[in-house]
Amino acid sequence: MNTNRLFPQINGLLHGGDYNPEQWLDRPDILEKDIEYMKKAHINTVTMGVFSWAVHEPTEGNINFDWLAEIMDKLYDNGIYTVLATPTGARPAWLDEKYPSAMRCDEMGVRNHHGLRHNHCMQSPEFRQRVNIIDTALAHRFAGHPGLLMWHISNELGGYCYCDTCRKKFQQWLADKYDHDIEKLNKAWWTTFWSHRFNSFEQIDPPYKNGENCVLGLNLDWKRFSTWSATDFMKFEIETLKNAGAKEPTTTNFMEMFYDYDYHYMKDFIDVISWDNYPEMHNNWQTDADQLLERSFNHALFRSMKPSQPFMMMESAPGLVNWRPYNKYRRPGVHELISMQAIAAGSDTVQYFQIRKSRGSSEQWHGAVIDHIGTDDTRVFKEVEKLGADLEKISQIAGTISNNKVAILFDWDNRWAVDDAWALSNETKKYDRTCMDIYNEFMSLGVEPDIISSDMDWSNYRIIFAPMLYVLHDGIGEKISNYVKAGGQFLATYFTGYVNKDLLSNLGGFPGDGLYKVFGLKSEEIDTLYPDDKNSITLLNKANASTIEVFDYQELLRDVTAEVIATYNEDYIAGTPAITKNSYGKGNAYYIACRTNQKDLEFLYKEILEKANIVYTNLPLGVEKHSRYSGADAYDFYLNCSAESVSIDNVFGINMLTDENVNGHLSLEKYGVAVIYSSSSTSSTKSSTL
Ligand code: GAL
């Protein structure tokens, strides 16, 4: 048994998802069938209570959980565990009617009407009072239930509230941050510009749409505050449950590349990371493999938040979703591929939204394990059932972890600041895309990167790639310097180290905070190209000096003491350095001063991987490789994300899904998956020599 398993009660991987029996309380026959079908589909977990407040407490103070207790007991008797949600993702009408402060205000400061979901004011005292009452009651009733696995806090926390309570909280938060010294804030926000100075914290508003929204420090602090506010709400719910006796672990479901909050801040306050994964398959602008690489990036982002334990894929869609512009069904075999990709990347769960389709309202046409037809022989059901059986075959993977040596830096506030900077072109900044393209290039070489923040622990990584690290948090210059000195390979690009954490420009040369010494150069100009502009660079030390196209951005470097790898070919910067490498201490600091396709830099990736002693290969197009480990045991996942069959060399071990011994050559059908077990402690299975 692997020691990093999330739940000691479950001997294997979790399979299940959101289950809303409260919509069917008058249909005991259907509830009976649900359990029968779940067992058939090898489902061992459900998430309940996510939006059940109006059933738990139909009128104020009239709380009754008997329906839930009965169902939870029955599920448990049938070997199905429960992830229990606090119901705060949506509010009953009586609550908003009596406590209007629970309803959020929009960016003009106007209060919402009752309705929808995920739109509560996180700071409303009246709302928190009601939350406290329902959560306390929930914990009193269910904490310690043998079928209870964990607590799911609210649902997909998100958004900003511009009400008066939040405005005052924001002012308090700023006062605490700037030591109650308004001059400190004025300096940090550079408010003398355009006469934006404040005389007191009380003068500061949130960045209303029709108010002050071009003080960049204010905009950034508002986002940081809103992250704090959501986290504060989440912590409040967790503390409420704990005060009422809950001892089970907690999570909240994150969303893909979510923009509103800095998840790197939130991650420390929950026990387990979980996220909701909804790929947009078979679209008409990218290949399935490219779409799945975006998922893969997200899995890596969430996995890396707590690298010593598995994460959870809390939601995914059986069949299809109903909220995309075009809601296309996943083609046969793709369910297994999407689900196995999560496991491959470090999830111990495949969970769905939803087990049974709602009969009415806005999600009645969203995919589910059990459809309105009500049978267990639909295509989707059968694919879910097969996946369930396959998850049982690989149950020993539960608790194993990834152990990657390459990381890509991704900071939420850097992302916000890059987007908000009045610089470059808003059409082509593409910070997220740039990070993903780098991820994709490593993946094509069979090397799986983690995605980490600049403030996290870097000690496990031999290579760190930090694209467009415009904002340097305090101490990061020194951290990079020490990392390289100690032998790390560090890559930076154009637009690195321009500002400090307050967004004030670093003086004395970019990259700032002393980094120009580490890279052996300074950047003097960053030039934004129009889409039709052309430039290119030439590699100096190649036998056949190859030329690489440059687009979007090119920096003019100066004071270059680093070794020059490539120079520009055209325009006013022709002949000046474009890619450099600086040996510094025991490591190397690389600087890529212009935007190119990552594929064109493959030679550089390979050189750096070799320097870092990391073995790579060229995987066939559309194939992903992920690995999980426990001691001497290795589990290599090969995912064919393309609609063509592929063959892969240098694969050795036992395919756990078919029990076949793979001795060098692996063939995968379209969308096919293999899970290859090998152990370095036995001679019978040779470990992969990738
Ligand atoms: C999620 C949400 C679920 C459900 C699902 C539909 O974002 O958490 O409650 O609405 O989307 O895809």
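As a reminder, the structure under discussion sits directly above these lines.
The model shown is predicted, which means the values in this text are computed figures rather than measured ones.

What is the right way to read the overall build of the protein from this model?
Secondary structure assignment for the protein yields 17 helices and 27 strands. A compact globule built from 690 residues should have a C-alpha radius of gyration of about 26 Å, and the protein, at 26 Å, falls within 12% of that. Looking at the protein as a whole, 62% of its 690 residues qualify as buried. Taking as baseline every contact in the protein between residues at least 6 positions apart, the subset at least 24 positions apart corresponds to 73%. Of the roughly 26,800 Å² that the protein leaves accessible, carbon and sulfur atoms contribute 49%.

Looking at this structure, how should I read the state of the cysteines?
Two cysteines, two sulfur atoms, one covalent bond between them: this is a disulfide. Considering all chains together, one arrives at 0 disulfides under this definition. A disulfide-free cysteine, Cys121 has its sulfur positioned 3.7 Å from the sulfur of Cys166, the nearest such atom. On the basis of relative accessible area, Cys121 is assigned to the buried category, the value being 0%. Cysteine Cys594 is unpaired, with the sulfur of Cys435 as its nearest cysteine sulfur at 17 Å.

Is there a simple way to explain the nonpolar core in this structure?
Of all hydrophobic cores here, the largest spans 197 residues; its most connected members are Trp189, Ile204, Ile394 and Phe490. If you tally residues by element for this core, the top one is helix 8 (residues 216-243), at 10 residues. When sequence neighbours within four positions are dropped, the list of residues in contact with Ile394 reads Leu13, Met340, Ile343, Phe637, Met656, Leu657 and Val675.

Honestly, the sheet that holds strand 23 (residues 623-630) in this entry has me stumped. Any pointers?
In a beta sheet, neighbouring strands pair by backbone hydrogen bonds and run either parallel or antiparallel. Read across the sheet, 5 strands follow the order 23-24-27-25-26 without closing on themselves; strand pairing throughout is antiparallel. In this open sheet, the two strands that pair with only one neighbour each are strand 23 and strand 26 (660-668). Taken over all neighbouring pairs, the strand axes of this sheet differ in orientation by 25 degrees on average, direction set aside. Summarising the sheet, strand 24 (residues 633-640) and strand 27 (residues 673-679) pair through 7 bridges and their orientation is antiparallel. Bridge pairing links Phe637 to Val675 in strand 27. Relative to strand 24, helix 11 (residues 334-344) is tilted by about 145 degrees, and along the sheet it contacts strand 23, strand 24 and strand 27.

Sorry, what's going on with the pairing of strand 9 (residues 347-353) here?
The side chains of a regular strand alternate, first on one face of the sheet and then on the other. The buried fraction of strand 9 is high, at 7 of 7 residues. With 2 bridges joining them, strand 8 (residues 311-315) and strand 9 adopt parallel strand pairing. By the bridge assignment for strand 9, Met313 is matched with Val350. Traced from strand 8 through helix 11 to strand 9, the parallel crossover comes out right-handed.

Would you take a moment to explain the layout of surface pockets for this structure?
Where empty space is left becomes clear once a probe the size of a water molecule has been rolled over the atoms. Within this model, the largest pocket holds a volume of roughly 790 Å³. Along its surface, the largest pocket is lined by 32 residues, and Asp290, Leu293, Asp437, Asn440 and Glu441 are the ones closest to its centre. Where the lining of the largest pocket is concerned, the elements lending two or more residues are helix 10 (288-303), helix 14 (431-444), strand 18 (547-558) and strand 23. Considering every element that reaches the lining of the largest pocket, the biggest residue donor is helix 14, with 7 residues. Residues of the lining of the largest pocket, tallied by class, amount to 10 nonpolar, 11 polar and 11 charged.

Can you walk me through the pattern of salt bridges in this structure?
Close approach of charged atoms lets side chains of opposite charge pair. Taken as a whole, this structure holds 44 salt bridges when the rule is applied. In this structure, the salt-bridge partner of Arg303 is Glu448, at a minimum N-O distance of 3.0 Å. Here Arg303 is found in helix 10, whereas its partner Glu448 is found in the loop between helix 14 and strand 11 (449-452), with 145 residues between them in sequence. With respect to class, Arg303 is no different from Glu448; both count as buried. Counted as one network, the salt bridges with shared partners bring together Glu57, Glu60, Lys98 and Arg130.

Mind showing me how you'd approach the site of the ligand here?
Residues in contact with the ligand, as listed here, are Phe51, Arg117, Asn155, Glu156, Asp276, Tyr278, Glu315, Trp323, Phe353, Glu363 and His366. Within the contact set of the ligand, an oxygen atom lies 2.7 Å away from a side-chain nitrogen or oxygen of Trp323. Between an oxygen atom of the ligand and a side-chain N or O atom of Glu363, the distance comes to 2.3 Å. A total of 310 Å² of accessible area belongs to the ligand in isolation, and the protein chains cover 94% of it. Taken together, the residues of the shell around the ligand sort by class into 4 nonpolar, 2 polar and 5 charged.

Teacher, can you tell me more about the sheet that holds strand 4 (residues 148-152) here?
Strand order in the open sheet formed by 9 strands is 5-4-3-2-1-9-8-7-6, and the pairing between neighbours is parallel. The sheet is open, and its two borders are formed by strand 5 (250-251) and strand 6 (253-255), each paired with just one other strand. Across the sheet, helix 12 (residues 379-393) touches strand 1 (14-18) and strand 9, and the angle it forms with strand 1 is around 140 degrees.

How should the packing of helix 10 against helix 14 be read in this particular structure?
Think of two packed helices as two axes; the pair is described by the angle between the axes and how far apart they sit. At their nearest, the axes of helix 10 and helix 14 sit 10 Å apart, and the two run at 95 degrees to each other. Considering the angle they form, helix 10 stands roughly perpendicular to helix 14. Where helix 10 approaches helix 14, its residues Leu293, Glu294, Ser296, Phe297 and Ala300 are matched on the opposing element by Arg433, Cys435, Met436, Tyr439, Asn440 and Met443. A breakdown of the residues in the contact of helix 10 with helix 14 according to their chemical character gives 7 nonpolar, 2 polar and 2 charged.

Just to check I follow, could you spell out the side chain of Thr496 for this structure?
Topologically, Thr496 is positioned in the loop between strand 14 (489-493) and strand 15 (499-500). Take Thr496: its relative accessible area is 3%, and that puts it in the buried class. From its side chain, Thr496 meets the backbone oxygen of Thr493 in a polar contact 2.5 Å long. Leaving out residues up to four positions away in the same chain, Thr496 has contacts with Ala466, Met468, Leu469, Tyr470, Phe510, Pro511 and Tyr591.

Can you help me understand empty space enclosed by the protein in this one?
In the structure shown here, the tally under the stated rule is 6 cavities of 30 Å³ or more. Estimates place the volume of the largest cavity at around 90 Å³. Taken together, 14 residues make up the lining of the largest cavity; nearest its centre are Met122, Gly159, Tyr160, Cys161 and Ser229. At 5 residues, helix 8 tops the list of elements feeding residues into the lining of the largest cavity. Grouping the amino acids of the lining of the largest cavity by side-chain chemistry returns 9 nonpolar, 4 polar and 1 charged.

What's the story with the packing of aromatic side chains in this structure? I'm lost.
Between two aromatic rings, the relevant description is the distance of the centres plus the angle of the planes. In the structure shown here, the tally under the stated rule is 44 aromatic pairs. With a centroid separation of 5.0 Å and an interplanar angle of 35 degrees, the aromatic rings of Tyr162 and Trp222 are classed as tilted. Residue Tyr162 is located in the loop between strand 4 and helix 6 (164-177), and its partner Trp222 is located in helix 8; the two are separated by 60 residues in the primary sequence. When sorted by exposure, Tyr162 lands in the same class as Trp222, which is buried. Ring centres of Phe233 and Phe236 lie 6.4 Å apart, and the angle between their planes is 35 degrees; this geometry places the pair in the tilted category. Of this pair, Phe233 and Phe236 both sit in helix 8, 3 residues apart, roughly one helical turn. Of the two residues examined, Phe233 and Phe236, each falls in the buried class. Among the aromatic residues, ring-to-ring pairing joins Phe254, Phe258, Tyr261, Tyr263, Trp275, Phe297, Phe302, Phe410, Trp412, Tyr431 and Tyr439 into one connected group.

Quick notes on the rules
- Residues numbered from 1 in each chain as written.
- Predicted model: local features only at pLDDT ≥ 70, side-chain atom pairs only at ≥ 80, totals over all residues.
- Heavy atoms only, no water.
- Helix = DSSP H or I, 4+ residues; strand = E, 2+ residues; numbered from the N terminus.
- Rg over C-alpha atoms; globule rule 2.2 N^0.38 Å.
- Buried < 20%, exposed > 50% of the residue type's maximum accessible area, 1.4 Å probe, protein only.
- Contact = heavy atoms within 4.5 Å.
- Areas by Shrake-Rupley, 256 points an atom, 1.4 Å probe, with all protein chains shown as cover.
- Disulfide = S-S within 2.5 Å.
- Core = buried A, V, L, I, M, F, W, Y, C linked by side-chain atoms within 4.5 Å.
- Pairing = 2+ DSSP bridges.
- Axes fitted to C-alpha atoms, helices over the stretch in contact; angles between N-to-C directions.
- Right-handed = clockwise from strand over helix to strand, strands pointing away.
- 1 Å grid on protein atoms, 1.4 Å probe; cavity = no way out; pocket = protein on both sides within 12 Å on 5 of 7 lines; lining within 4 Å.
- Points joined across faces, edges and corners; volume = space filled by probe spheres on them.
- Nonpolar A, V, L, I, M, F, W, Y, C, P; charged D, E, K, R; others polar.
- Salt bridge = Lys/Arg side-chain N within 4 Å of Asp/Glu carboxyl O.
- Near = heavy atom within 4 Å.
- Polar contact = N/O pair within 3.5 Å; in protein donor to acceptor, adjacent residues only side chain to side chain.
- Parallel < 35°, antiparallel > 145°, perpendicular 65-115°, else oblique.
- Phe/Tyr/Trp six-rings, centres within 6.5 Å; stacked < 30°, edge-to-face > 60°.

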